[in-house]
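Analysis of the macromolecular model
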Amino acid sequence: MTRTLHDVERWFLDMDAQTMVYRYLACKDVPSEVVEKAIDEAVAFGRSHHRPVDAEIFSAFVDTFFIDICQGPEWAIRKNDGAPSWIC
């Protein structure tokens, strides 16, 4: 299945965020439903702020929704460097 961004999605995601969308979908490290939800939230966020969402904000949406899916004993945060690490 090939996914292309619609006009509204392209309008509210800057080029770096669009690149991240395609990268996430291609590598399949993140479930597609997480990417889709992040796209929807990023578009809503961009509309409310009247500007495109950048890659950093889009990545934060993906991380948030990924964590929501991976709650439970399989999810762990490495405390030594503060960087999240997911084991699903």
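Described in the following lines is the structure provided in the data block. Per chain, residues are indexed from 1 in the order of the written sequence. Local features are withheld for residues below a pLDDT of 70 in this predicted model, meaning they are given only at 70 or higher, and side-chain atom pairs are given and counted only at 80 or more; totals for whole chains, interfaces and linings count all residues. Just so you know, side-chain values use all the structure's heavy atoms and leave hydrogens and water out.

Overview of the packing of helix 2 (residues 15-27) against helix 3 (residues 32-49)
So the rule is basically this: To obtain each axis, a line is fitted to C-alpha atoms, and for helices this fit is confined to the stretch in contact; angles are then taken between N-to-C directions over 0 to 180 degrees. Helix and strand assignments come from DSSP, with helices taken as H or I runs of at least 4 residues and strands as E runs of at least 2, each series counted from the N terminus. Here is the rule for angles: anything less than 35 degrees is roughly parallel, anything more than 145 is roughly antiparallel, 65 through 115 is roughly perpendicular, and the remaining ranges are oblique. Helix crossings get a hand from a simple test, with the near helix turned counterclockwise from the far one by less than a right angle marking a left-handed crossing and a clockwise turn marking a right-handed one. Contacts are assigned to residue pairs that have any heavy atoms within 4.5 Å of one another. Ten residue types, Ala, Val, Leu, Ile, Met, Phe, Trp, Tyr, Cys and Pro, are classed as nonpolar, four, Asp, Glu, Lys and Arg, as charged, and the remainder, Gly among them, as polar.
Look at helix 2 against helix 3: their axes get within 9 Å of each other, and the N-to-C directions meet at 165°. When the interaxial angle is binned, helix 2 and helix 3 end up roughly antiparallel. The handedness of the crossing between helix 2 and helix 3 comes out as left-handed. On helix 3, the residues that touch Val21, Tyr24 and Leu25 of helix 2 are Ser32, Val35 and Ile39. When the residues that make up the contact of helix 2 with helix 3 are grouped by side-chain class, the tally is five nonpolar, one polar and no charged.

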